[in-house]
Amino acid sequence: MPKIELLQGDCLELMKDLPDGSIDLTVTSPPYDNLRTYEGSLDWNENIWKQVLEQLYRVTKEGGVVVWVVNDATVNGSKTGTSFKQALYAKEIGFNLHDTMIYMKPNFSAVGALQTRYAPVFEYMFVWCKNKLNTFNPIKDRKCKTAGEKKSGTLRNPDGAMVKKRGVEGWVQPEYGQRFNIWKITPESRGSDHPAPFPYQLAHDHIISWSNEGDTVLDPFLGSGTTGVACKNLNRNFIGIELNSKYFEIAKERIEKGTVVKERITEEITEGITEEKAQLGFDFS
Ligand SMILES: C[S@@+](CC[C@H](N)C(=O)[O-])C[C@H]1O[C@@H](n2cnc3c(N)ncnc32)[C@H](O)[C@@H]1O
């Protein structure tokens, strides 16, 4: 049985009690600027997120990973760019910016935004690594369009000539290939009382990718406990921290029961399409 430790309080204070280099992987989603108030409990600004990132660097093992899922608010018509500032600050304090991945949603809610910009359907998933990466277990579920075809193992030289790759004999294209770094995931249904849970599949797939069974995973912004549920199901030890007592109780119950909130299915999304969205030609298929 994995060891699950849930702490209620301010992650900035509670992370100080975690030993240096004790965490293999963090999968988390901090507040997005001040987009949500989390029942008035939110105190979030550059000074705070910088300290959180510094603590994350300290507690992460050599070769460990932090996955930081985030987006920007729009203030006076301009995106804040906080996500980018965080990504660059993490680099400044020592992390490698291992990848900038995209969590793509099949839906959006801010119809008003469409008067001036394209539909916002993604969030950033920054993947930071402390020096040389320890673990990568790539998920291979991308259906190959050319499955079964024989590939010759050639590549194009800078001068344009096609040459045979040294040591590569050619291969038959498999049915499934390694996933790309844009993940299209259906958002969580409103089965929990938390205003901003990320999808179970997002947490599950990152945990598989960047950690092994028995490793220790942290979520300092536990919310409704999605990362914790996935860790329990995937046999990873877990430490979760949440400030708000109501969300903490939701997370505790969810993790105890191992509840995966039912994923929203396409039909449910379609029901929610307003006439305005339909006129703009979004079919959500
Ligand atoms: C974007 S939500 C996380 C949602 C979570 N990934 C889930 O699936 O439910 C951010 C959470 O961070 C919590 N939070 C904000 N500031 C915090 C702090 N200083 N320490 C701990 N939790 C905090 C908020 O109450 C909120 O529940």
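Being a predicted model, the structure only gives us computed values, none of them experimental. (Residues numbered from 1 in each chain as written. Predicted model: local features only at pLDDT ≥ 70, side-chain atom pairs only at ≥ 80, totals over all residues.)

Peer 1: What exactly am I supposed to notice about the overall build of the protein chain here?
Peer 2: Of regular secondary structure, the protein chain possesses eight helices and 16 strands. Residues counted as buried form 30% of the 285 residues belonging to the protein chain. Taking the contacts inside the protein chain whose residues are at least 6 apart along the sequence as the reference set, 72% of them involve residues at least 24 apart. (Helix = DSSP H or I, 4+ residues; strand = E, 2+ residues; numbered from the N terminus. Buried ≥ 20, exposed ≤ 12 C-beta atoms within 10 Å, placed from the backbone. Contact = placed C-beta atoms within 7 Å.)

Peer 1: Would you mind going over the pairing of strand S7 (residues 122-129) with me for this structure?
Peer 2: The two faces of the sheet receive side chains in turn, since in a regular strand these alternate between them. Sheet analysis places strand S3 (residues 60-70) next to S7, joined by six bridges and oriented antiparallel. Counted as the bridge partner of Trp68 is Phe126 from S7. One ladder, built from eight bridges, connects strand S6 (residues 96-104) with S7; its direction is antiparallel. Bridge pairing links Thr100 to Phe126 in S7. (Pairing = 2+ DSSP bridges.)

Peer 1: Help me understand helix H4 (residues 200-210) in this model?
Peer 2: An α-helix turns once per 3.6 residues; consequently, residues spaced three or four apart project the same way. Taken as a whole, H4 has its buried residues at Tyr200, Leu202, Ala203, His204, His206, Ile207 and Trp210. On the buried face of H4, the contacting elements are strand S2 (23-28), S3, S6, strand S15 (216-219) and helix H5 (226-234).

Peer 1: Before we go on, may I ask you to explain the site of the ligand in this structure?
Peer 2: Lining the immediate surroundings of the ligand are 22 residues, of which Pro197, Phe221, Gly223, Ser224 and Thr226 lie closest. Contributions of two or more residues to the shell around the ligand are made by helix H1 (11-14) and strand S16 (237-242). Taken together, the residues that form the shell around the ligand break down as 13 nonpolar, seven polar and two charged. (Near = placed C-beta within 6 Å. Nonpolar A, V, L, I, M, F, W, Y, C, P; charged D, E, K, R; others polar.)

Peer 1: Got a minute to help me understand the sheet that holds S2 in this structure?
Peer 2: Adjacent strands of a sheet form backbone hydrogen bonds with each other and so pair up, either parallel or antiparallel. Pairing is mixed across the open sheet formed by eight strands, whose spatial order is S1-S16-S15-S2-S3-S7-S6-S14. Looking at strand neighbours, the two that pair on one side only are strand S1 (4-8) and strand S14 (182-184), the edges of this open sheet. Recorded for the sheet is a direction-independent mean angle of 15° between the axes of neighbouring strands. The sheet contact formed by S2 and S15 spans two bridges and is parallel. Bridge pairing in S15 links Thr26 to Leu218. Packed onto the sheet, H4 meets S2, S3, S6, S14 and S15 and runs at close to 160° relative to S2. Contacts from helix H6 (residues 245-257) reach S1 and S16, with the element oriented near 165° to S1. (Axes fitted to C-alpha atoms, helices over the stretch in contact; angles between N-to-C directions.)

Peer 1: What should I look at first to understand the environment of Ile239 in this one?
Peer 2: For Ile239, the location among the structural elements is in strand S16. Distance in space between the C-alpha atoms of Ile239 and Leu218 is 4.8 Å, their sequence separation being 21 residues. Not counting residues up to four positions away in its chain, the partners in contact with Ile239 are Glu5, Thr216 and Leu218.

Peer 1: How should I be thinking about the pairing of S6 in this particular structure?
Peer 2: By the bridge criterion, three bridges tie S6 to S14 in an arrangement that is parallel. Along S14, the bridge assignment pairs Tyr103 with Trp183.

Peer 1: Would you mind going over the environment of His98 with me for this structure?
Peer 2: Assignment of secondary structure puts His98 in strand S6. Take His98: there are 17 C-beta atoms within 10 Å of it, and that puts it in the partly exposed class. The spatial distance from the C-alpha of His98 to the C-alpha of Phe126 is 7.9 Å, given a sequence separation of 28 residues. Dropping the residues within four chain positions of it, His98 is found in contact with Val127, Trp128, Cys129 and Leu133.

Peer 1: I'm lost on the nonpolar core in this one. Help?
Peer 2: Across soluble globular proteins, nonpolar side chains show a tendency to be buried alongside one another. The biggest cluster of nonpolar side chains holds 48 residues, and the ones touching the most others in it are Val65, Val67, Val127 and Trp128. Take this core: its biggest share by element is six residues, from S3. Discounting residues that sit within four places of it in the chain, Val65 has contacts with Leu25, Val127, Trp128, Cys129 and Trp210. (Core = buried A, V, L, I, M, F, W, Y, C linked by C-beta atoms within 7 Å.)

Peer 1: Just to check I follow, could you spell out helix H2 (residues 46-59) for this structure?
Peer 2: Under the 1.5 Å per step criterion, the end-to-end length of H2 is 20 Å for 14 residues, consistent within 8% with the ideal 20 Å. Those residues of H2 that are buried lie in contact with H1, S2, S3, helix H3 (82-92) and S15. (Expected span 1.5 Å × (residues − 1).)

Peer 1: Can you help me understand unusual backbone geometry in this one?
Peer 2: Negative phi values dominate among residues other than glycine, just as trans dominates among peptide bonds. Although it is not a glycine, Asn76 adopts a positive phi angle of roughly 50°. With respect to the helices and strands, Asn76 occurs in the loop between strand S4 (74-75) and strand S5 (78-79). Accessibility expressed as a C-beta count within 10 Å gives 5 for Asn76, which makes it exposed. Phi at Asn131 takes a positive value of approximately 60°, unusual for a residue other than glycine. You can see Asn131 is positioned in the loop between S7 and strand S8 (142-143).

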